[in-house]
Amino acid sequence: MARLVACRLAGNLMRRPPTTGRRHSHVRRRGSHRTGPNAHRPPVTTAEERLEVPSSTLRPQRPTVTSATELAGEIGLRHGVLVDGALVDATDDVGVTGIELRAQSILAGDLFAALPGARSHGAAFAGEALERGAVAVVTDDEGVALMIGSGVPDGTAVLVHPQPRSILGTLSAAVHDRPSAKMTVIGITGTSGKTTTSYLVEAALRAAGRTPGLIGTIETRIGTEPVPSALTTPEAPNLHAMFAAMYEQGVDTVVMEVSSHALSLGRVDGTTFAVGAFTNLSQDHLDFHLTFEDYFAAKARLFAEDSPVRADRAVVCVDDRWGRRMAEIAAAGGRAAPLTVATTTEGTASWSVTSWSSGPDGTQQFEVAARDTVLSASLRMPGRYNVANAVVAAAVCAEVGVDPAVALAAMAEVDVPGRMQRVERGQNFLAVVDYAHKPAALEAVLATLRAQTDGRIAVVVGAGGDRDAEKRPLMGEAAARAADLVVITDDNPRSEDPAAIRAAVRRGADAVGGSAEVREISPRDEAIHAVVQWAKDGDVVLIAGKGHEVGQDVGGIKYPFDDRRVLADALDRQKGSM
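Counting from 1, residues in each chain are numbered in the order their sequence is written. Selection of residues for local features in this predicted model requires a pLDDT of at least 70, selection of side-chain atom pairs for listing and counting requires 80 or more, and totals for whole chains, interfaces and linings are taken over all residues. The side-chain numbers reported here are obtained from all heavy atoms of the structure, hydrogens and water having been left aside.

**Looking at the overall build of the protein**
Now for step 1: Comment: elements are numbered from the N terminus, with helices defined as DSSP H or I runs of at least four residues and strands as E runs of at least two. Helix and strand content of the protein: 19 helices and 28 strands.
Now for step 2: Categorising residues by exposure relies on relative accessible area from a 1.4 Å probe, with only protein chains included: less than 20% of the type maximum marks a residue as buried, more than 50% marks it as exposed, and the intermediate range marks it as partly exposed. Burial status across the protein gives 58% buried among its 578 residues.
Now for step 3: Working definition of accessibility: Shrake-Rupley area with a 1.4 Å probe, residue cover restricted to the visible protein chains. Summed over its atoms, the accessible surface of the protein is roughly 22400 Å², and 50% of this surface lies on carbon and sulfur atoms.

Put into structure tokens, the structure is as follows:
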């Protein structure tokens, strides 16, 4: 696609001083005259003016200006303009500098994506988007009718597709000149381990002299600049804007978490993945995917032969049957065979763990047989499954040209926020905060802690509201099977009754019928203080479920709450009372 840099395009734009609510600026070819349906409409806001608008750190500061006509031709959209209550073919052009789903987030020069939704159609907000500076709207026929019926002004440029959601990722990539193809993008998927593996890969890339970017659950980092994350994988317009901002700021390699929701909903469409990595699969998000096979199929989009987002190369942990199936999918279609990783004795793999040990403080030492080399490595983080995450991360780094020895050495000192994160205040027992909010993840955390201690284990556990209700008793069951003390409390109840959620978790714990003591304590801070008071020399305290989160959602209001800080306070109080 032909591209026009902003300074060049600005010379072809007629200008008018902006009024309240910047509107459209028209792209004109050199020497052209204003004719056709748009001739009566005075253009506003030049490219120079658009680029003076302070932009978010999630946007490129010097965006490419792209012709709407060329976007329409490339993606297969109808390019029209509203005139006298009808959509007619456009004869003038507009320059697009960004794309946005939310009218309230529009910056001048953006293309507003007005998509049909479950409760309303985005086209109902087209007027607001235009007032904020949108230069065009992409929508479907229903959206066009809504815009006409709501009095959207004549001269509004519209791009039309029968299913605009299906082309949103590809369109967003085109708007930003396909930045992911200019960098090395690594996508990591799986039920658990995505965040930890991403942090490990990022640390290794930085140690190897790369300039990495990070996109994930805890935060997004553009170079070294942190940006809070709302979604594990952002919506396509935001994702490609991030890619463009990263590329503009010198990032050469991006490591990102890729959720099953993102793969199913097309959020990563238009992304060029150099490497895809799979960690594991266990029960989660069945309120969205309905069946385990659907959930697996969503993850497989990163590896499947017929997928538009299939990664060029793959790294797959084959410790479970889902990983072995994923390796078969990744190997299909004549692509390079995936690198496989195993930390158990089942099956064979390209990379395997040959020895492992742990210390009383949770640190781990292990050896990895990688191709014809045996590498020694260590981790600060407790958890045998974190060894699997580290080996997957090292294999990913090898696939993008980083020496595995350099990669593993860099991982030795990594702490991941809220992932088996130790809280140390001089106490004589291990205190850990972990994000484990799924049954299999909780089982894995407790199993690894049990293997690393001769003492007792206490766990604080709950379940989130407005999420998969089937896993609530399973969380209680997992806790009661492995811990000596189970304290059931509130996680993020959201709009649900916290007591009802706790009761569901308790049913699972009580059904085990084992030796574990089960208590129910609310609010959450009191539950954390209770397990700290219970702990003695050599014991382990696990605060599970919220990990890195710094708020608790109760009744739709997010209150400040950080498990790590509350745990540290409880430890300080215990020490002060001794």
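Alright, that's what it looks like, and here's the rest.
**Remarks on the pattern of salt bridges**
Now for step 1: By definition, a salt bridge exists where a carboxyl oxygen of Asp or Glu is found within 4 Å of a side-chain nitrogen of Lys or Arg. Scanning the model with the defined rule gives 31 salt bridges in all.
Now for step 2: Notably, a salt bridge pairs E74 with R178, separated by 2.2 Å at the nearest N-O pair. With E74 in helix α3 (residues 68-75) and R178 in the loop between α6 (164-175) and β10 (184-189), this residue pair connects regions lying 104 residues apart in the sequence.
Now for step 3: A relative accessible area of 34% means that E74 is categorised as partly exposed.
Now for step 4: Ionic pairing is found between D361 and R422, a salt bridge with its closest N-O pair at 3.8 Å. Of this pair, D361 sits in the loop between β18 (351-358) and β19 (364-370) while R422 sits in strand β21 (residues 421-422), and the two are 61 residues apart along the sequence.

**Let's talk about the confidence of the model for the protein**
Now for step 1: Of all residues in the protein, 87% have pLDDT values of 70 or greater, and the mean over the chain is 88.
Now for step 2: Taken as a whole, residues 1-56 scores under 50 in pLDDT and shows 133 contacts with residues more than four places along the chain or in a different chain. Every residue is assigned a pLDDT by the predictor, reflecting its confidence on a scale from 0 to 100. Every residue pair with non-hydrogen atoms within 4.5 Å of one another is taken to be in contact.

**Describing unusual backbone geometry**
Glycine aside, residues mostly have negative phi angles, and peptide bonds mostly take the trans form.
Now for step 1: For the bond running from S522 to P523, omega is 10 degrees, close enough to zero to count as cis.
Now for step 2: Position of P523 relative to the elements: it lies in the loop between β25 (517-520) and α18 (524-534).
Now for step 3: In this structure, R178 is a non-glycine residue whose phi angle is positive, near 50 degrees.

**Observations regarding the sheet that holds strand β23 (residues 457-461)**
Now for step 1: Strands sit in the order β21-β22-β26-β23-β24-β25 across an open sheet of 6 strands; the sheet is mixed. Where the open sheet ends on each side, the last strands, each with one partner, are β21 and β25.
Now for step 2: At least two bridges found by DSSP between two strands is the condition for calling them paired. Strand direction decides the pairing type here: strand β22 (residues 430-434) and strand β26 (residues 540-544), joined by 5 bridges, are parallel. What sits directly across from L430, in β26, is V540.
Now for step 3: Note on geometry: axes are lines fitted to C-alpha atoms, helical ones only across the stretch in contact, with angles between N-to-C directions running from 0 to 180 degrees. With respect to the sheet, helix α17 (residues 498-512) is in contact with β24 (485-488) and β25, its orientation differing from that of β25 by roughly 170 degrees.

**Observations concerning helix α15 (residues 439-451)**
Now for step 1: By this rule, a helix spans an expected 1.5 Å times one less than how many residues it contains. In this model α15 runs 18 Å from its N-terminal to its C-terminal C-alpha over 13 residues, within 8% of the 18 Å that 1.5 Å per residue would give.
Now for step 2: Regarding α15, the residues found buried are P439, A441, L442, V445, L446, T448 and L449.
Now for step 3: In this structure, the buried residues of α15 make contact with α13 (384-399), β22, β23, α16 (471-482) and β26.

**With respect to the nonpolar core**
Now for step 1: Formed by 44 residues in total, the largest nonpolar core has its most connected members in I186, V201, V315, W351, F366 and M411.
Now for step 2: Of all the elements, α13 adds the most residues to this core, at 11 residues.
Now for step 3: In this structure M411 touches L200, A204, S378, L379, A390, A393 and A394, once residues within four positions along its chain are discounted.
Now for step 4: Core analysis: the second largest hydrophobic core is formed by 34 residues, M246, L281, A311 and W322 among them. Here, nonpolar core means buried Ala, Val, Leu, Ile, Met, Phe, Trp, Tyr and Cys residues that are tied together by side-chain atoms lying within 4.5 Å of each other.

**Some points on the sheet that holds strand β4 (residues 86-89)**
The pairing of strands in a sheet happens through backbone hydrogen bonds and is either parallel or antiparallel.
Now for step 1: Strand order in the open sheet formed by 6 strands is β4-β3-β9-β8-β7-β6, with mixed pairing between adjacent strands. Of all the strands in the sheet, the pair left with one neighbour each is β4 and β6 (98-100). Taken over all neighbouring pairs, the strand axes of this sheet differ in orientation by 35 degrees on average, direction set aside.
Now for step 2: As judged from the 4 bridges shared by strand β8 (residues 136-139) and strand β9 (residues 157-160), these two strands associate in the parallel manner. Following the sheet pairing, V138 is matched in β9 by L159.
Now for step 3: Strands in contact with α6 are β6, β7 (110-113) and β8; relative to β6, the strand with the most contacts, it is inclined by about 150 degrees.

**Observations regarding the pairing of β7**
Residues in a regular strand point their side chains to alternate faces of the sheet.
Now for step 1: Where burial is concerned, the two faces of β7 agree: the one with D110 and F112 and the one with L111 and A113 are both buried.
Now for step 2: Bridge count between β6 and β7: 3 bridges; the pairing is parallel. Bridge pairing links E100 to F112 in β7.
Now for step 3: Where β7 meets β8, 3 bridges bridge the pair, whose relative direction is parallel. For L111, the partnering residue across the bridge sits in β8 and is A136.
Now for step 4: Looking down the strands as they point away from the viewer, one classifies a crossover as right-handed if the path from the first strand across the helix to the second runs clockwise. Where the polypeptide runs from β7 across helix α4 (residues 126-131) and back to β8, its parallel neighbour, the crossover connection is right-handed.

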